[in-house]
Amino acid sequence: MKRRGIAIDGPSGAGKSTLARRLARELGFVYVDTGAIYRTVGLAARRRGIDPADGEAVAAMLPRLAIGMGYGEDGLQHMYLDGEDVTRAIRENEISACASKVAALPAVRAFLLEMQRRTARENDVVMDGRDIGTVVLPQADVKIYLTAAAEARAERRYRELLERGQRADLDQVLREVVERDRRDMEREVSPLRRADGAALADTTGLDLEESFQLLLRLVRERLDV
Ligand code: DC
């Protein structure tokens, strides 16, 4: 049976993962957070003392990496690095920048492509990332570009950090958001952009529930689920 795929792309902080996870639960699809895979590679570089922007050094590290993805009893996606569950470690703020740097390397993207496609061949998926509709699953049944103004995304990220008990400064968070957008959109390989045929979902000024209803409506207009 042909598997169904919903591709959701957009900049960081637009609410992609929260909304995509909930959408997957609602539809009975598997949620795949591809950013978590890039974060795991970023964490691996950091732990090995490799500069995440050094293409040659990172490429040399890849064949020796054991990256695993699994689903816990909680139904959440867990990431494993060399056998260790790194699901929490990859969420540290400093790993965001490492992930964004390794994600700009062609060798890293090529290495992770098949892993993502295989998951989509074997399951009905809601997959979120930056290049899902453009590169990973260009034939996805539904493509969504989910975004919000940078200030709104920084504000959400800031509150998230505070809730987690981490120290944060709003201006600093906004600068990081803008910098990460720039890196994700201006890189040469698979830059973040709205895929052909992708529906636009702008969540600026919408709360989580309103954003979810918008997303669900866009999906149901395009796929019988
Ligand atoms: O969504 P996130 O913040 O967890 O993603 C971490 C980094 O990985 C982000 O800087 C962009 C990059 N990424 C990517 O280049 N392609 C994807 N499909 C997913 C994430």
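Since this is a predicted model, take the numbers as computed values, not measurements.

**Student:** Before we move on, could you go through the packing of helix α2 (residues 34-47) against helix α5 (residues 106-122) and cite the residues and values that matter?
**Tutor:** A pair of packed helices is characterised by two quantities: the angle between their axes and the separation of those axes. At a minimum axis separation of 11 Å, α2 and α5 run at an interaxial angle of 135°. As summarised for this structure, α2 and α5 are arranged oblique, according to the angle between their axes. α5 is crossed by α2, and the crossing has right-handed handedness. Only Val108, Arg109, Leu112, Met115 and Gln116 of α5 make contact with α2, whose side of the interface consists of Thr34, Ile37, Tyr38 and Val41. Here the contact of α2 with α5 is composed, by residue class, of 6 nonpolar, 2 polar and 1 charged.

**Student:** Summarise the sheet that holds strand β4 (residues 77-81); cite the residues concerned and give the values.
**Tutor:** Spatial ordering of the open sheet is given by β3-β4-β5, a layout of 3 strands whose pairing is antiparallel. Every interior strand has two partners, whereas the edge strands, β3 (67-71) and β5 (84-85), have only one. Pairing of β4 with β5, which is carried by 2 bridges, proceeds in the antiparallel orientation. Within β5, the residue paired with Tyr80 across the bridge is Asp85.

**Student:** Kindly report on the pattern of salt bridges, identifying the contributing residues and their values.
**Tutor:** A side chain with one charge can pair with a side chain of the opposite charge if their charged atoms come near. For the coordinates displayed, the defined rule picks out 21 salt bridges. Asp124 serves as the salt-bridge partner of Arg3, at 3.9 Å between the closest nitrogen and oxygen. Of this pair, Arg3 sits in the segment before β1 (5-9) while Asp124 is found in the loop between α5 and β6 (125-129), placing the two residues 121 residues apart along the sequence. Across the pair Arg182 and Glu179 runs a salt bridge, and its minimum N-O distance is 3.0 Å. Of the two residues, Arg182 and Glu179 are both situated in helix α8 (residues 170-186); the distance of 3 residues between them amounts to about one turn of the helix. For Arg182, a relative accessible area of 38% translates into the label partly exposed. The exposure class of Glu179 is partly exposed, given its relative accessible area of 33%. Beyond isolated ion pairs, a larger network of salt bridges with shared partners links Glu179, Arg182, Arg183 and Glu186.

**Student:** Give me the sheet that holds strand β7 (residues 142-147): which residues, what numbers.
**Tutor:** Strand order across the open sheet formed by 5 strands is β2-β6-β1-β7-β8, with parallel pairing between neighbours. For this open sheet the edge positions go to β2 (30-33) and β8 (199-202), each flanked by a neighbour on one side alone. Sheet twist, expressed as the average angle between the axes of neighbouring strands with direction ignored, equals 20°. In terms of strand pairing, β1 meets β6 through 5 bridges, oriented parallel. If you follow Ile8 over to β6, its bridge partner there is Asp128.

Cut-off values and rules
Residues numbered from 1 in each chain as written. Predicted model: local features only at pLDDT ≥ 70, side-chain atom pairs only at ≥ 80, totals over all residues. Heavy atoms only, no water. Axes fitted to C-alpha atoms, helices over the stretch in contact; angles between N-to-C directions. Helix = DSSP H or I, 4+ residues; strand = E, 2+ residues; numbered from the N terminus. Parallel < 35°, antiparallel > 145°, perpendicular 65-115°, else oblique. Left-handed = near helix turned anticlockwise from the far one by under 90°. Contact = heavy atoms within 4.5 Å. Nonpolar A, V, L, I, M, F, W, Y, C, P; charged D, E, K, R; others polar. Pairing = 2+ DSSP bridges. Salt bridge = Lys/Arg side-chain N within 4 Å of Asp/Glu carboxyl O. Buried < 20%, exposed > 50% of the residue type's maximum accessible area, 1.4 Å probe, protein only.

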